[in-house]
Amino acid sequence: MTSQTLREARKYEDMVEKTIQKKERPNFHLCARVGWLNDPNGFSYYKGKYHMFYQYYPYESKWGPMHWGHAVSGDFLHWEYLPAALAPDEFYDKDGCFSGSAAALPDGRHLLMYTGVLKERQKNGEFREVQTQCLAVGDGIDYEKYEQNPVLDEKDLPDEGSRFDFRDPKIWQKKDGSYACVIGNRQTGGSGQILLYTSPDGFRWNYKKVLAANNDRYGRMWECPDFFELDGKWVLLASPQDMLPQGLEYHNGNGTLCLIGDYDEETETFMELHNQSVDYGIDFYAPQTVLTPDGRRVMIGWMQNWDTCSLRLPEEPWMGQMSLPRELAIKDGKLYQTPVRELEKFRYSKVEYNSVSFSNILRLDGIHGRCVDMELVVRPEEGQKLYQKFAVRFAQDENYHTSLSFRPRESILKIDRKFSGSRRAIIHQRRSFVEGADTKLKLRIILDRFSVEVFVDDGRQVLSATMYTDQTADGISFFVDGTAVIDVVKYDLCE
Ligand code: FRU
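Residues numbered from 1 in each chain as written. Predicted model: local features only at pLDDT ≥ 70, side-chain atom pairs only at ≥ 80, totals over all residues. Heavy atoms only, no water.

1. Some remarks on the site of the ligand
Piece 1. Around the ligand lies a shell of 13 residues, among which Asp39, Gln55, Arg167, Asp168 and Glu223 are the nearest.
Piece 2. Contact between the ligand and asparagine 38: an oxygen atom at 3.1 Å from a side-chain N or O atom of the residue.
Piece 3. Take glutamine 55: an N or O atom from its side chain is 2.7 Å from an oxygen atom of the ligand.
Piece 4. Relative to its unbound accessible surface of 320 Å², the ligand loses 95% to contact with the protein.
Piece 5. Of all the elements in the fold, those that place two or more residues in the shell around the ligand are strand 1 (35-46), strand 5 (97-104), strand 9 (161-173) and strand 13 (222-230).
Piece 6. In terms of residue class, the shell around the ligand is made up of six nonpolar, three polar and four charged. (Near = heavy atom within 4 Å. Polar contact = N/O pair within 3.5 Å; in protein donor to acceptor, adjacent residues only side chain to side chain. Areas by Shrake-Rupley, 256 points an atom, 1.4 Å probe, with all protein chains shown as cover. Helix = DSSP H or I, 4+ residues; strand = E, 2+ residues; numbered from the N terminus. Nonpolar A, V, L, I, M, F, W, Y, C, P; charged D, E, K, R; others polar.)

This is the structure we're talking about:
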């Protein structure tokens, strides 16, 4: 039975969606159907399609009582909106259906596991959000909340685990057919930890252990965990809040964390070997992955950051978009990301330049656009001094641009959207340390109307940022202080 709250949300999105033109949305990145979108939820392959749900408040382009929006795709790039899947309509989730995940059940139904939020009055009169884990079961369109919700609550927490920070279950099916999930939690002292739970059937859940503890290393609370096997290792993703910077690896505020290690499935013990950021740009948070039928691990994140949401005005018809789906791999013990290979089918009108030697400013015929896939290789000119700085500017007209610049002597790559038309005093730049690029800097830059994603050195690092520069600003130009040689291959990406 669909509740009144969900019916209203469905009616509203159906009506208001029509007022948003196709051109006002990204071309191939998923954005809110109407209103607000944050984390990817329930990213799964079900009945021959990729399902993406998302944290959703349809009524305004700002965060509000969380619903789950819903879209499906056959190729990760053409998304079709489906009616909102969940609304905050039960006593245990009346203040929000927070993030969660999905899995197929053996009987063919689709299981959603999410965090139910309920505000509770404390002795001092303050309200705090109590978080529990809940289920809903459906057919890929309509979902019924489980009558025994919540299935995990404070009774299922380890000692010192806070019931106010207990959220974002990521479920997976194990080889023996049983289920497991990881959930973000905070110890009473304030530091984050990831809890592991198992279930024989997806409905009855048991607490197992603390899979990983932050111990105040990376921020405080860890949100939105994901845990999976990749190239013989295991990867734990989390999104820490309240980070302090560590060199250029981690920055202040909400960040992303990737821990790569070994996992003993018998004893359920995770041994961390390596840590790194998932994305080195400005806007990326709360990623979630899916395993494709052909065995690829594909990740999508919320291409936004809590601290920079004011970049887009609340009057806009939608706020919040997902990142490009990225195929993950581990090479030399590190996380690599490349745009899903499906994107290659979107490319047309190839323009290519090889070994163009230049000083100062370079513009090339046919190199412009706001839906673009562009590969650049920049090298020092043989026999010449190493250049001081290289930059590529895009989304450019006489007033505006966003840029990516590289200083080979310092090995620092910087993304800068200060001149993108933003009128807010938020973060507009971020720098990242790119090793070994002084002899050859290789970049793949993907533009999709309101965003840029930069894949450095075949995916060793990624930098993502949103920008809302007017679409008429579609120039691309290159700059070098000194002399450099550049190869450019550029495609337009499908409308
Ligand atoms: C992360 C997050 C989650 C929570 C959701 C609420 O961005 O804070 O921890 O479930 O957003 O919308």
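2. Some remarks on empty space enclosed by the protein
Piece 1. Applying the stated rule across the entire model yields two cavities of 30 Å³ or more.
Piece 2. There is about 60 Å³ of room inside the largest cavity.
Piece 3. Looking at the largest cavity, it is lined by 13 residues, and the ones nearest its centre are Pro40, Asp168, Cys224, Pro225 and Gln288.
Piece 4. Mapped by element, the contributors of at least two residues to the lining of the largest cavity are strand 1, strand 5, strand 9, strand 13 and strand 17 (285-291).
Piece 5. Computed from the structure, the second largest cavity encloses a volume of approximately 50 Å³. (1 Å grid on protein atoms, 1.4 Å probe; cavity = no way out; pocket = protein on both sides within 12 Å on 5 of 7 lines; lining within 4 Å. Points joined across faces, edges and corners; volume = space filled by probe spheres on them.)

3. Overview of unusual backbone geometry
Piece 1. That bond from asparagine 149 to proline 150 is cis: its omega, -10°, falls within 30 degrees of zero.
Piece 2. Looking at where proline 150 falls in the secondary structure, it is placed in the loop between strand 8 (143-145) and strand 9.
Piece 3. At serine 355, a residue that is not glycine, the phi angle is positive and equals roughly 50°.
Piece 4. Looking at the secondary structure, you find serine 355 in strand 22 (residues 347-362).
Piece 5. What makes serine 355 partly exposed here is its relative accessible area of 47%. (Buried < 20%, exposed > 50% of the residue type's maximum accessible area, 1.4 Å probe, protein only.)

4. Examining the sheet that holds strand 6 (residues 110-121)
Piece 1. Taken in spatial order, the four strands line up as 5-6-7-8 in an open sheet, and their pairing is antiparallel. Each end of this open sheet is capped by a strand with a single partner; those strands are strand 5 and strand 8. Neighbour-to-neighbour, the strand axes of this sheet turn through a mean angle of 30°, independent of strand direction.
Piece 2. With three bridges connecting them, strand 7 (residues 127-138) and strand 8 associate as antiparallel partners. By the bridge assignment, valine 137 is partnered in strand 8 with glutamate 144. (Pairing = 2+ DSSP bridges. Axes fitted to C-alpha atoms, helices over the stretch in contact; angles between N-to-C directions.)

5. Considerations on the nonpolar core
Piece 1. Counting 47 residues, the largest nonpolar core has Phe28, Leu30, Phe43, Phe76 and Leu343 as its most contacted members.
Piece 2. Contributions of two or more residues to this core are made by helix 1 (4-17), strand 1, strand 2 (49-57), strand 4 (80-86), strand 17, strand 18 (297-302) and strand 19 (318-319).
Piece 3. Residues in contact with phenylalanine 76, not counting those within four places in the same chain, are Phe28, Phe43, Tyr50, Val290, Thr292, Arg296, Val298, Pro325, Val340 and Glu342.
Piece 4. Counting 39 residues, the second-largest nonpolar core is a separate cluster that includes Tyr387, Ile445, Leu463 and Ile486. (Core = buried A, V, L, I, M, F, W, Y, C linked by side-chain atoms within 4.5 Å. Contact = heavy atoms within 4.5 Å.)

6. A closer look at the side chain of aspartate 226
Piece 1. With respect to the element layout, aspartate 226 can be found in strand 13.
Piece 2. Looking at aspartate 226, its side chain comes within polar contact range of the side chain of threonine 289, at 2.7 Å.
Piece 3. Setting aside its immediate chain neighbours within four residues, aspartate 226 contacts Lys170, Val182, Val235, Leu236, Leu237, Gln288 and Thr289.

7. Some words on the sheet that holds strand 21 (residues 334-339)
Piece 1. What the four strands build is an open sheet, ordered 17-18-20-21; its pairing is antiparallel. The strands lining the two open edges of the sheet, one partner per strand, are strand 17 and strand 21. Averaged over neighbouring strand pairs, the angle between their axes works out to 40° when direction is ignored.
Piece 2. Note: strand 18 against strand 20 (residues 326-331), two bridges, orientation antiparallel. Note that in strand 20 the partner of methionine 299 across the bridge is arginine 326.

8. Here's the deal with the pairing of strand 11 (residues 192-199)
Piece 1. Burial analysis of strand 11 places eight of its eight residues in the buried class, which makes it a mostly covered element.
Piece 2. In this structure, strand 10 (residues 179-187) lies alongside strand 11, joined through eight bridges in antiparallel fashion. Bridged to tyrosine 179 within strand 11 is serine 199.
Piece 3. Linking strand 10 back to strand 11 in an antiparallel pair, the connection comprises four residues, with glycine 190 at a positive phi of about 120°.
Piece 4. As judged from the six bridges shared by strand 11 and strand 12 (residues 206-213), these two strands associate in the antiparallel manner. Counterpart to glutamine 193 in the pairing with strand 12 is alanine 213.
Piece 5. The turn linking strand 11 back onto strand 12 is made up of six residues, and glycine 202 within it adopts a positive phi angle of 90°.

9. Quick look at the pattern of salt bridges
Where charged atoms from two side chains of opposite charge come close, those side chains can pair.
Piece 1. Counting across every chain of the model gives 37 salt bridges.
Piece 2. With its nearest N and O atoms 3.0 Å apart, the salt bridge here joins arginine 204 to aspartate 201.
Piece 3. We classify arginine 204 as exposed; its relative accessible area is 54%.
Piece 4. We note a salt bridge from arginine 444 to aspartate 373, for which the minimum N-O separation is 2.6 Å. On the criterion of sequence distance, the pair formed by arginine 444 in strand 28 (residues 441-448) and aspartate 373 in strand 23 (residues 371-380) is long-range, its members being 71 residues apart. (Salt bridge = Lys/Arg side-chain N within 4 Å of Asp/Glu carboxyl O.)

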